[in-house]
Amino acid sequence: PLWENVLHLTYVENTGAAFGMMKDARWVFLLLSSVAIVGIAVYLFFGYARGVLATVAFSMIVSGGIGNMIDRIALGYVVDFIDFRLIHFAVFNGADSFVCVGAGLLVLSLILDILHEKKEKKEKKSKKDEEIAKLKKELEAKNDLLLRTAAEFDNYKKRTDRERSGVAEFAK
């Protein structure tokens, strides 16, 4: 024990998946792990991961997968040794930790991306609303100018009509 009843080092030969699930399905795990590792590696290589956090997360998942795959190919099983007894959890290894922490970081990265996109959308909407308000003000100002011009023209027309009628009266 490293810390009595909390953290022990316990040697376990795990022929199953993470934390000992699905025992004795070695070829299934090798095939699925290989596909996942190659897929994520290609995804990373071509730079599809958005941001540092997602890149770190995918890298940790691939690293953990490769670590467990090395044990599976070389030994036929994965060596688990971290025994966290405080909560009576399954015995696991560093590669399992990398996969789990990487998955957690990936979820966090996705949540942060969603929040960032919502913020950007809100800012774009706010800018559009400001532009619309500005255009409305400009339109109102032009409308007021048009109404004033029309009123002035009406007054001018009335004046000239009166003047004409005055000239016509004078000419009689």
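Residues numbered from 1 in each chain as written. Predicted model: local features only at pLDDT ≥ 70, side-chain atom pairs only at ≥ 80, totals over all residues. Heavy atoms only, no water.

Asks: Just give me the short version of the nonpolar core, but keep the residues and values in it.
Replies: Grouped together as the largest cluster of nonpolar side chains are eleven residues: Leu30, Ile37, Ile40, Ala49, Ala54, Ala57, Phe58, Ile61, Val62, Met69 and Leu106. Elements with a contribution of two residues or more to this core: helix H1 (26-45) and helix H2 (51-75). With six residues, H2 is the single largest residue contributor to this core. Leaving out residues up to four positions away in the same chain, Ile37 has contacts with Val62, Gly65, Ile66 and Met69. (Core = buried A, V, L, I, M, F, W, Y, C linked by side-chain atoms within 4.5 Å. Buried < 20%, exposed > 50% of the residue type's maximum accessible area, 1.4 Å probe, protein only. Helix = DSSP H or I, 4+ residues; strand = E, 2+ residues; numbered from the N terminus. Contact = heavy atoms within 4.5 Å.)

Asks: Outline the pattern of salt bridges, listing residues and values.
Replies: Any two side chains of opposite charge can pair, on the condition that their charged atoms come close. Using the criterion set out here, one finds five salt bridges in the structure. Measuring nitrogen to oxygen at the nearest pair gives 2.8 Å for the salt bridge that ties Asp83 to Arg85. Overall, the relative accessible area of 7% leaves Asp83 in the buried class. For Arg85, a relative accessible area of 34% corresponds to the partly exposed category. Two residues, Arg164 and Asp161, come together in a salt bridge whose shortest N-O distance is 3.8 Å. Placement of the pair is Arg164 and Asp161 together in helix H3 (residues 94-171), with a separation of three residues, close to one helical turn. What makes Arg164 exposed here is its relative accessible area of 58%. Here the residues in one salt-bridge network are Arg50, Asp113 and Glu117, joined through shared partners. (Salt bridge = Lys/Arg side-chain N within 4 Å of Asp/Glu carboxyl O.)

Asks: An account of the side chain of Thr160 is needed here, citing residue identities and associated values.
Replies: Inspection of the secondary structure assignment puts Thr160 in helix H3. For Thr160, the side chain forms a polar contact with the main-chain oxygen of Lys157, separated by 2.9 Å. (Polar contact = N/O pair within 3.5 Å; in protein donor to acceptor, adjacent residues only side chain to side chain.)

Asks: Can you tell me about the packing of aromatic side chains, naming the residues and giving the values?
Replies: Applying the stated rule across the entire model yields five aromatic pairs. Ring geometry for Tyr43 versus Tyr48: centroids 5.7 Å apart, planes at 40°, classification tilted. Using a relative accessible area of 33% as the deciding quantity, one classes Tyr43 as partly exposed. Ring geometry for Phe45 and Phe46: centres 5.2 Å apart, planes at 85°, overall edge-to-face. Each member of the pair, Phe45 as well as Phe46, is classed as exposed. Members of the aromatic cluster, connected to one another through ring pairs, are Tyr43, Phe45, Phe46, Tyr48 and Phe58. (Phe/Tyr/Trp six-rings, centres within 6.5 Å; stacked < 30°, edge-to-face > 60°.)

Asks: An account of the environment of Ile40 is requested, with residue identities and associated values reported.
Replies: Tracing the backbone shows Ile40 in helix H1. Each C-alpha atom of the pair Ile40 and Ile61 lies 8.5 Å from the other, and the pair is 21 residues apart in sequence. If we skip the residues at most four places from it in the chain, Ile40 touches Phe58, Ile61 and Val62.

Asks: Kindly report on the confidence of the model for the chain, identifying the contributing residues and their values.
Replies: Averaged over every residue, the pLDDT of the chain is 89; residues scoring 70 or more account for 92%. Within the chain, H1 has the poorest average pLDDT of any element, 88, and H2 the best, 94. (pLDDT = per-residue confidence, 0-100.)

Asks: Account for H2, naming residues and giving values.
Replies: The α-helix winds at 3.6 residues per turn, so residues separated by three or four positions along the chain end up facing the same way. Here H2 spans 36 Å end to end across 25 residues, near enough to the 36 Å set by a 1.5 Å rise per residue. Here H2 has its buried residues at Ala54, Ala57, Phe58, Met60, Ile61, Val62, Gly64, Gly65, Asn68, Met69 and Arg72. (Expected span 1.5 Å × (residues − 1).)

Asks: Lay out the environment of Gly67 in plain terms, naming residues and giving numbers.
Replies: Relative to the helices and strands, Gly67 resides in helix H2. Distance in space between the C-alpha atoms of Gly67 and Ser165 is 105 Å, their sequence separation being 98 residues.

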